Amino acid sequence: MKEIICIVCPNGCHLITDGADRIEGYKCERGLDYAKAEMTNPTRVLTSTIRVVGGIHRRCSVKTDRPISKVLLMEAMERVNSLEVAAPVECGHVLIKNIMGTEANLVTTREVAGI
Ligand code: SF4
């Protein structure tokens, strides 16, 4: 038996699975879907920061606009770490479309005004 903590909502239900079709402990269908995804293709939203040139802040927070496969996270992070953007930066600006072929876009999550 394996325990999975559901991260879909703040309840954090403890789900128990035998790794096959038996899943217990979820309080809603979203938890059941999460457990199934965790056993087949776990995904996460990538969050990070990138360098800003000429801004009032030196870094800008970024994230993918949808979860991507966990197996692609490290390679995607390498791409994100190489990014640099010039101020001013708008919130929601798409930096990379379809990152790693995942259909997710990497977007900024804050504004950074220029100096
Ligand atoms: S199973 Fe449902 S209620 Fe429980 S943490 Fe997941 S989403 Fe929330």
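Everything quoted here is computed from the prediction, not taken from an experiment. (Residues numbered from 1 in each chain as written. Predicted model: local features only at pLDDT ≥ 70, side-chain atom pairs only at ≥ 80, totals over all residues. Heavy atoms only, no water.)

Some words on the overall build of the protein chain
Then, in step 1: Scanning the protein chain for helices and strands turns up two helices and ten strands.
Then, in step 2: Starting at the N terminus and ending at the C terminus, the protein chain contains elements arranged as β-β-β-α-β-β-β-β-α-β-β-β.
Then, in step 3: In summary, the protein chain has a C-alpha radius of gyration of 18 Å against a globular reference of 13 Å for 115 residues, an excess of more than 25%.
Then, in step 4: For the C-alpha atoms alone, the extent of the protein chain along its principal axes is close to 55 × 25 × 20 Å.
Then, in step 5: A fraction of 48% describes how many contacts in the protein chain between residues 6 or more apart in sequence connect residues 24 or more apart.
Then, in step 6: Carbon and sulfur atoms make up 51% of the accessible area of the protein chain, which amounts to about 7300 Å² in all. (Helix = DSSP H or I, 4+ residues; strand = E, 2+ residues; numbered from the N terminus. Rg over C-alpha atoms; globule rule 2.2 N^0.38 Å. Contact = heavy atoms within 4.5 Å. Areas by Shrake-Rupley, 256 points an atom, 1.4 Å probe, with all protein chains shown as cover.)

A look at the site of the ligand
Then, in step 1: All residues in the neighbourhood of the ligand are listed as Cys 6, Val 8, Cys 9, Asn 11, Gly 12, Cys 13, Tyr 26, Lys 27, Cys 28, Arg 30 and Gly 31.
Then, in step 2: Of the residues assigned to the shell around the ligand, the class counts are six nonpolar, three polar and two charged. (Near = heavy atom within 4 Å. Nonpolar A, V, L, I, M, F, W, Y, C, P; charged D, E, K, R; others polar.)

Here's the deal with the domain arrangement of the protein chain
Then, in step 1: Assigned domains within the protein chain: domain 1 (2-40) and domain 2 (47-108).
Then, in step 2: Relative to domain 2, the C-alpha centre of domain 1 lies at a distance of 29 Å. (Domains from an automatic or database assignment.)

Points about the environment of Ser 82
Then, in step 1: Inspection of the secondary structure puts Ser 82 in the loop between α2 (73-81) and β8 (84-86).
Then, in step 2: Along the backbone, Ser 82 and Ile 5 are 77 residues apart, and their C-alpha atoms lie at a distance of 33 Å.
Then, in step 3: A polar contact is formed between the side chain of Ser 82 and the backbone oxygen of Arg 79, at a distance of 2.7 Å. (Polar contact = N/O pair within 3.5 Å; in protein donor to acceptor, adjacent residues only side chain to side chain.)

Examining the pairing of strand β2 (residues 14-17)
Then, in step 1: Going residue by residue along β2, you find Leu 15 and Thr 17 tucked away on one face and His 14 and Ile 16 left uncovered on the opposite face.
Then, in step 2: Direction of pairing for strand β1 (residues 2-5) relative to β2: antiparallel, over a ladder of four bridges. Residue pairing across strands places Ile 4 opposite Leu 15, the latter belonging to β2.
Then, in step 3: Pairing of β2 with strand β3 (residues 23-24) involves two bridges; the strand directions are antiparallel. If you follow Thr 17 over to β3, its bridge partner there is Ile 23. (Buried < 20%, exposed > 50% of the residue type's maximum accessible area, 1.4 Å probe, protein only. Pairing = 2+ DSSP bridges.)

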